[in-house]
Amino acid sequence: MVTSFTYADPVTGLDREGDVLARYQWEGTHRRAELACIVECKSSTDHPWVGFFDRRAERNLVIDSWVAYAFSGLSNFPKRLAALWISEPPFNDYRVATHIAAAHAKDSRNPANDAVRQVMSAVLARKKEHVKQHHSDPTGLVLVPLIVTAAPLVSCELGRDGEIHLEEVKSLGVWGWMEGRAKRVYVVNESEVEGFARGLHYLADTASRDPEI
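The model shown is predicted, which means the values in this text are computed figures rather than measured ones.

Engineer: I'd like a rundown of the pattern of salt bridges, residues and numbers included.
Structural biologist: One pass over the structure, following the stated rule, counts 12 salt bridges. The partner of K42 in a salt bridge is E40, with the nearest N and O atoms 3.3 Å apart. R181 is the salt-bridge partner of D64, the closest N and O atoms lying 2.5 Å from each other. Residue D64 is located in the loop between β5 (49-53) and β6 (68-70), and its partner R181 is located in strand β12 (residues 181-189); the two are separated by 117 residues in the primary sequence. Three or more residues are tied together by salt bridges with common partners; here these are R23, E34 and R126.

Structure, rendered in structure tokens:
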């Protein structure tokens, strides 16, 4: 685990600093691969972060919406990861917020949404660097964007009764965007970090033992 890392912003080209990079590497039957978690940390507790959900909670089995990845060869790689990983923690919550906002903020800034954009920028930069370094070999990279916040997390949903339902939660997913595609960004309270890390370690171990990967 690296507690601070530098990356080139994909839009501006400027160097930026990421908070944490956690790497889980494995040597599979057909390829070397790495599951990397890009972490953005936010310590402010001034305003709750509210995730806004619609009523859809489809059982999405396409790995492309759960993680970002880069690899060459082995066209079944995404399908195998989907079969192995989806429904296992932390990829077991099918609900995704359409957007997230810091409640009662006094200015026009939305620090919650800013964090989503920042972590997705770091993920894209990491992917581009991997492709540049490994364009001619089968090394795979899977990227998970994670925001750890000290702020309370609240889910907000319009119920079938027409009422707005608010519930304090420990974690939620929200859509972020990268290369024109929606990707989950995982948002958790500090108390959930250890469990999230255990889940990623389990997923990497599962992939390392799969004969098709």
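Engineer: Tell me about the packing of aromatic side chains, residues and numbers included.
Structural biologist: Two aromatic rings, taken as a pair, are described by how far apart their centres are and by the angle between their planes. Tallied over the entire structure, the rule returns seven aromatic pairs. Considering the side-chain rings of F5 and Y7, the 6.1 Å spacing of their centres and the 35 degrees angle between planes classify their relative orientation as tilted. The exposure classification of F5 matches that of Y7, with both residues buried. Residues W66 and Y94 carry aromatic rings whose centres are separated by 5.6 Å and whose planes lie at 85 degrees to one another, so their mutual orientation is edge-to-face. Linking W66 in the loop between β5 and β6 with Y94 in the loop between α1 (77-85) and β7 (99-102), this pair joins segments that are 28 residues apart in sequence. Taken individually, W66 and Y94 each receive the classification buried, so the pair is uniform in this respect. The ring centre of F53 lies 3.9 Å from the NZ or CZ of R95, which sits over that ring. Directly above the ring of W66 sits R184, whose terminal nitrogen or CZ lies 3.6 Å from the centroid.

Engineer: Can you break down the sheet that holds β5 residue by residue, with the values?
Structural biologist: The strands making up a sheet associate through hydrogen bonds between their backbones, and the pairing can be parallel or antiparallel. Here we have four strands laid out as an open sheet, ordered β7-β5-β9-β10, and mixed in their pairing. Looking along the sheet, the strands with just one partner apiece sit at the ends: β7 and β10 (164-169). Between one strand axis and the next, the sheet turns by 25 degrees as a mean value, whatever way the strands run. Direction of pairing for strand β9 (residues 153-158) relative to β10: antiparallel, over a ladder of six bridges. Paired with L158 across the strands is I164, a residue of β10.

Engineer: Before we move on, can you summarise helix α2 (residues 111-133) with the specific residues and values?
Structural biologist: Helical periodicity: at 3.6 residues per turn, an α-helix aligns residues three or four positions apart in one direction. The end-to-end C-alpha distance of α2, which contains 23 residues, comes to 33 Å, matching closely the 33 Å that a straight helix rising 1.5 Å per residue would cover. Inspection of α2 places A112, A115, V116, V119, M120, S121, A122, V123, L124, A125, K127 and H130 among the buried residues, and these make up the whole buried set.

Engineer: Can you break down the nonpolar core residue by residue, with the values?
Structural biologist: The tendency in soluble globular proteins is for nonpolar side chains to be buried as a group. Formed by 32 residues in total, the largest nonpolar core has its most connected members in L35, I63, W85 and V144. Counting only elements with at least two residues in this core, the list comes to β3 (20-27), β4 (32-42), α1, β8 (140-149), β12 and α3 (193-208). Apart from the residues lying within four places of it in its own chain, the contact partners of V144 are L35, A36, C37, I38, V67, F91, Y186, F196 and L200.

Engineer: Outline unusual backbone geometry, supporting the account with residue identities and numerical values.
Structural biologist: In this chain, P89 is followed by P90 through a cis amide linkage whose omega measures 5 degrees. Tracing the sequence through the fold places P90 in the loop between α1 and β7. With a phi close to 100 degrees, S87 is a non-glycine residue in the positive phi region. Looking at the secondary structure, you find S87 in the loop between α1 and β7. Here S87 falls in the partly exposed class, since its relative accessible area comes to 37%.

Basis of the calculations
- Residues numbered from 1 in each chain as written.
- Predicted model: local features only at pLDDT ≥ 70, side-chain atom pairs only at ≥ 80, totals over all residues.
- Heavy atoms only, no water.
- Salt bridge = Lys/Arg side-chain N within 4 Å of Asp/Glu carboxyl O.
- Helix = DSSP H or I, 4+ residues; strand = E, 2+ residues; numbered from the N terminus.
- Phe/Tyr/Trp six-rings, centres within 6.5 Å; stacked < 30°, edge-to-face > 60°.
- Buried < 20%, exposed > 50% of the residue type's maximum accessible area, 1.4 Å probe, protein only.
- Lys NZ or Arg CZ within 6 Å of the ring centre and 35° of its normal.
- Pairing = 2+ DSSP bridges.
- Axes fitted to C-alpha atoms, helices over the stretch in contact; angles between N-to-C directions.
- Expected span 1.5 Å × (residues − 1).
- Core = buried A, V, L, I, M, F, W, Y, C linked by side-chain atoms within 4.5 Å.
- Contact = heavy atoms within 4.5 Å.

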